Amino acid sequence: MNQRTRIKICGITREADVDAAVEAGADAIGFVLYPKSARHVSIARAAELARRLPPFVMPVALLVNASDAEVADATAALPTALLQFHGDETAADCERARRPYLRAGRMARGFDLVDFARQFSSAQAILLDAHVEGYGGGGKVFDWSLIPANVPRPVVLSGGLHAGNVIEGILQVRPWAVDVSSGVEAAKGIKDADLMRRFCEAVREADARIADSET
Ligand SMILES: O=C(O)c1ccccc1NCC(=O)[C@H](O)[C@H](O)COP(=O)(O)O
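Residues numbered from 1 in each chain as written. Predicted model: local features only at pLDDT ≥ 70, side-chain atom pairs only at ≥ 80, totals over all residues. Heavy atoms only, no water.

Per an unreviewed UniProt entry, the protein chain is named N-(5'-phosphoribosyl)anthranilate isomerase, and its organism is Piscinibacter aquaticus. Within the UniProt record for the protein chain, the comment given under Catalytic activity (unreviewed entry) is "N-(5-phospho-beta-D-ribosyl)anthranilate = 1-(2-carboxyphenylamino)-1-deoxy-D-ribulose 5-phosphate". (UniProt positions renumbered as here; feature names shortened; annotations may be inferred.)

Put into C-alpha cells, the structure is as follows:
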C-alpha cells in the first residue's frame, strides 16, 4: 500500500524554484527538454539545475518525440534522471534509452489505459495527463472516472492539479504519485513557492486522511 503519495513538480527553470520545490517537499523535479514548450530548458541548463538537488530528490528529464541522439545527450548529461516520454513514443522507442522511464498517457474518452499500460510494461509508471494541445503542461483536469481500477502499472496522476483539487484526486484515484506544473506557477516556467508549499501540504493531508480511514 502506498503510504506516502510521491510528488513531482515539473517545468522548473530557475535555481530558486529548484530550492523552493525541494523545501516544499517534492520527491522529483521535472525539466522540460521539449523545445516548443514555454518551460523548455536546454540539456546543459537542466544538468546545471539538477546539480542543486539533494540526495533522494530525483531529476526527471521530459522528452517529446526526441531523436535517439537527443535522448543519448540527455541521459549522458543527466545520469541520475528518470526519463519521461510525453509524446507519441512507442515502447521500443522508450526502451532504447536503456534508462528507467515514465510514459505519459493522454486521457480521453475511449482511451484504453489498461492496454496502454500493458504496452509500456517496462515503464516505472504511467503518468496520466489530460489530452491538451502541445502534448502537456496544459493545466487541464481530465475526468478521473476514466481511470479503471486495474491499471497494471503504478499511476502518476497529473493534469490541472493544484492545492484545491489534489486531495480529491488522491482520495479518488489513489495514485503512486502526483505531478503538477501550471497549478504551482505565477507564469509558465515561473514557480510560486507558496503555491508549491500549499500543494505539498495538501498531498500530506490526503495521505493523513487515507491513513486515518484505514485505522
Ligand atoms: O510542461 C510543459 O510545458 C510540457 C510541454 C509538453 C509536454 C509535456 C509538458 N509537461 C509534462 C508534465 O509532466 C506536466 O507536469 C503535466 O503535463 C501536467 O501539467 P499541468 O496540467 O500544467 O499541471
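Chemist: Even after reading the chapter, I still don't get the pairing of strand β3 (residues 58-63), so can you show me in this structure?
Modeler: Along any regular strand, the residues point their side chains to alternate faces of the sheet. The buried fraction of β3 is high, at 5 of 6 residues. As defined by bridge partners, strand β2 (residues 28-32) adjoins β3 across 5 bridges and the pair is classed as parallel. Bridge pairing links Val32 to Leu62 in β3. In this region the chain leaves β2, passes through helix α2 (residues 43-50) and returns to the parallel neighbour β3; the handedness of that crossover is right-handed. As paired elements, β3 and strand β4 (residues 82-85) share 4 bridges and run parallel to each other. Among the inter-strand pairings, Leu63 is bridged to a residue of β4, identified as Phe85. (Buried < 20%, exposed > 50% of the residue type's maximum accessible area, 1.4 Å probe, protein only. Helix = DSSP H or I, 4+ residues; strand = E, 2+ residues; numbered from the N terminus. Pairing = 2+ DSSP bridges. Right-handed = clockwise from strand over helix to strand, strands pointing away.)

Chemist: It is not clear to me how helix α6 (residues 166-173) should be interpreted in this structure. Could you clarify?
Modeler: Think of an α-helix as 3.6 residues a turn; residues three or four steps apart then line up on the same face. Taken together, the buried positions of α6 are Val166, Ile167, Gly169, Ile170 and Val173. An end-on view of α6 places all buried positions within 165 degrees of arc, on one side of the element. Summarising the contacts, the buried residues of α6 are in contact with β7 (155-157), β8 (177-180) and α7 (193-213). At the C-terminal side of α6, Arg174 shows a positive phi close to 50 degrees. (Arc of directions from axis to C-beta. Contact = heavy atoms within 4.5 Å.)

Chemist: Please clarify how the site of the ligand should be interpreted in this entry.
Modeler: Ser37, Asp129, Gly137, Asp179 and Ser182 are the nearest of the 25 residues found near the ligand. One of the side-chain nitrogen or oxygen atoms of Asp179 is found 2.7 Å away from an oxygen atom of the ligand. Within the backbone of Ser181, one N or O atom sits 2.9 Å away from an oxygen atom of the ligand. Protein contacts shield 98% of the accessible area of the ligand, which totals 520 Å² for the unbound molecule. Elements with a contribution of two residues or more to the shell around the ligand: β1 (6-10) and β8. Residues belonging to the shell around the ligand are distributed by class as follows: 7 nonpolar, 13 polar and 5 charged. (Near = heavy atom within 4 Å. Polar contact = N/O pair within 3.5 Å; in protein donor to acceptor, adjacent residues only side chain to side chain. Areas by Shrake-Rupley, 256 points an atom, 1.4 Å probe, with all protein chains shown as cover. Nonpolar A, V, L, I, M, F, W, Y, C, P; charged D, E, K, R; others polar.)

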